[in-house]
Amino acid sequence: MDQRTGVLAACGGIFLTFLAIQVGALALVEPFKQAGYQTVQDPQNPANSALYLGVLLVATGAILAALKYGGEQVLRAFILLTGAMITVYVVSVLPALSLAGVNVLPWAAAALLVVALLAYPEWWVIDLAGVVMGVGAAALFGISFGVLPAIVLLVALAVYDAISVYGTEHMLTLASGVVALKLPVLLVYPTTREFSFRERAAEVAAEEADDDAETDSDAEATDASDDRDAPAGEAETHGETGRDSIMIGLGDAVMPTIMVASAAFFLTDVPTVLGVALPAVTALVGTMVGLFFLLRMVLKGRAHAGLPLLNGGAILGYLVGALASGLSVVAALGLDAYV
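Only a predicted model underlies this, so the values are computations on that prediction, with no experimental measurement involved.

Concerning helix α5 (residues 123-144)
Point 1. With 22 residues, α5 should cover 32 Å at 1.5 Å per step; its first-to-last C-alpha distance of 31 Å lies within 8% of that length.
Point 2. Burial analysis of α5 places 16 of its 22 residues in the buried class, which makes it a mostly covered element.

Structure below.
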C-alpha cells in the first residue's frame, strides 16, 4: 500500500467513524428518552452549556496535571470507568439477556470493552471502543441540550479549541500525553500496513520518560519538547519515512453530533428524511463537510483545531435545514421562548 493510498484509506476510515457515531446517536435518541437518561431537568436552559464548559475546563486541567505529575494510572482508570459506564447505557437499551432476573448484557459488554482496551489496545480496538463511547455520549448530551444550549455549547467549544491549539497550545500537549495511555481519547487510523499503535504508544512513553530525565541544558530540553509535540499533535503523527497514521480526538466526533441528536430530539414539527428531522440530517451533512475541509488542512502537515470547522459545519447545516423546514430564524435558534 503506497503512501497516497494509505492516507486515503485512513481518511475514509475517519469519515466512516464520524458517520457511525452520528447515525448511532440518532438511533439511540428515542431509546434513551424512553429509558429516562436525560441528564438535566431543564434541557432548554442555556446555563447548562456554561456549566458543562466549566466542567470541561476543570477536567482538562486535571488531565494535564495528571500527565505532568505522574497520575497516568489514575487518569487511565477514570477513562476506563467512564467508557464502561457509557457502554452500560448504550447496551442497556438493547434486548435484555437476563440471568437470575438481572440483565447481564450491559455489564458483560462493559467488561469486554475494559478487558480489550487493557489486554490488546491496538488501533482498531481503540477505534471500535471509541465508536461505542462516542455514540452513547453524543446521544446523552443530545437529549439533554435543547437547540439553543447546544448551539451555545458548540460555539463556546469551537472558540476554546481554537485558543487551546493555536494560542496556548495546551491541547497539543494533552494530545501528546494521552497517546501513551492507549485509550480511545484519540481515534487512530494507520496509513501503512506495518503501523502498530501499541508500538507507537510504547515509543511515545519511552520518549516522554527520556525527556523527563534529560536536564543537561535548556537547549536539549527545548529539542525534546519539540520532538514530542510534533509527532503526536491533535490530529496526526508521522513515522520515520512519512505519515504512518492520522489521529483525531474522540471529542471532535462527539461534539458536533450533539447538534445532530439535539435537532432530531427537540424538533418534532418539521419535515423528515427517513424518519429523521430534516435539520438533524443537514447538521450531519454539515459536520461531514467540515470534516472534509479539516482533513484537507491536516494533510498539509500540521495539527489543527477540529471543532471550529466541525461544530461550525454542524450549526450551519442545522440552520439550513431549519430554515428550509419553514422555521423562522428566531425559532431555529431556539430564541422563541425569550422574545
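Things to note about the confidence of the model for the protein
Point 1. Summing up the model confidence of the protein, the mean pLDDT is 86 and the portion of residues at 70 or higher is 88%.
Point 2. Across the protein, the element-wise mean pLDDT spans from 39 in helix α9 (residues 218-232) up to 97 in helix α12 (residues 307-324).
Point 3. Below a pLDDT of 50 lies the segment residues 219-241, which in the model reaches 57 contacts outside its immediate sequence neighbourhood of four places, other chains included.

Notes on a nonpolar patch on the surface
Point 1. Nonpolar side chains collect at one region of the surface, where Val285, Val289, Phe292 and Phe293 lie side by side and expose about 350 Å² of accessible area between them.
Point 2. Of note, Phe293 is situated in helix α11 (residues 278-298).

Considerations on the packing of aromatic side chains
Point 1. Overall, the coordinates contain eight aromatic pairs when judged by the stated rule.
Point 2. Seen from their ring centres, Tyr37 and Tyr89 are 4.6 Å apart, and the 80 degrees between their planes marks the pair as edge-to-face. A residue pair is termed long-range when its members are at least 10 positions apart, and Tyr37 in the loop between α1 (3-34) and α2 (47-68) and Tyr89 in helix α3 (residues 72-92) qualify at 52 residues.
Point 3. For Tyr89, a relative accessible area of 31% corresponds to the partly exposed category.
Point 4. Ring centres 4.9 Å apart and planes at 70 degrees place the aromatic pair Tyr52 and Phe141 in the edge-to-face group. Taken as a pair, Tyr52 in helix α2 and Phe141 in helix α5 lie far apart in primary sequence, 89 residues in all.
Point 5. A relative accessible area of 22% means that Phe141 is categorised as partly exposed.

Regarding the nonpolar core
Point 1. One finds Ile14, Phe18, Phe32, Ile248, Met259, Leu291 and Tyr318 to be the most contacted residues of the largest nonpolar core, which totals 63 residues.
Point 2. Looking at which element gives the most residues to this core, the answer is α1, with 11 residues.
Point 3. Contacts of Ile14, omitting those with residues within four sequence positions, involve Tyr189, Ile246, Ile248, Leu291 and Leu295.
Point 4. Counting 32 residues, the second largest nonpolar core, distinct from the first, contains Leu67, Leu75, Leu113 and Leu181.

With respect to the pattern of salt bridges
Point 1. Taken as a whole and judged by the stated rule, the model has two salt bridges.
Point 2. Residue Glu122 pairs with Arg198 through a salt bridge whose shortest N-O separation is 3.4 Å. Residue Glu122 is located in the loop between α4 (105-119) and α5, and its partner Arg198 is located in helix α8 (residues 197-213); the two are separated by 76 residues in the primary sequence.
Point 3. Between Glu203 and Arg200 there is a salt bridge; the shortest N-O distance is 3.5 Å. Highlighted residues: Glu203 and Arg200, both in helix α8, separated by three residues, approximately one helical turn.

Parameters at a glance
Residues numbered from 1 in each chain as written. Predicted model: local features only at pLDDT ≥ 70, side-chain atom pairs only at ≥ 80, totals over all residues. Heavy atoms only, no water. Helix = DSSP H or I, 4+ residues; strand = E, 2+ residues; numbered from the N terminus. Expected span 1.5 Å × (residues − 1). Buried < 20%, exposed > 50% of the residue type's maximum accessible area, 1.4 Å probe, protein only. pLDDT = per-residue confidence, 0-100. Contact = heavy atoms within 4.5 Å. Patch = residues over 30% accessible without salt bridge, like charges linked within 9 Å, V, L, I, M, F, W, Y side chains within 5 Å. Areas by Shrake-Rupley, 256 points an atom, 1.4 Å probe, with all protein chains shown as cover. Salt bridge = Lys/Arg side-chain N within 4 Å of Asp/Glu carboxyl O. Phe/Tyr/Trp six-rings, centres within 6.5 Å; stacked < 30°, edge-to-face > 60°. Core = buried A, V, L, I, M, F, W, Y, C linked by side-chain atoms within 4.5 Å.

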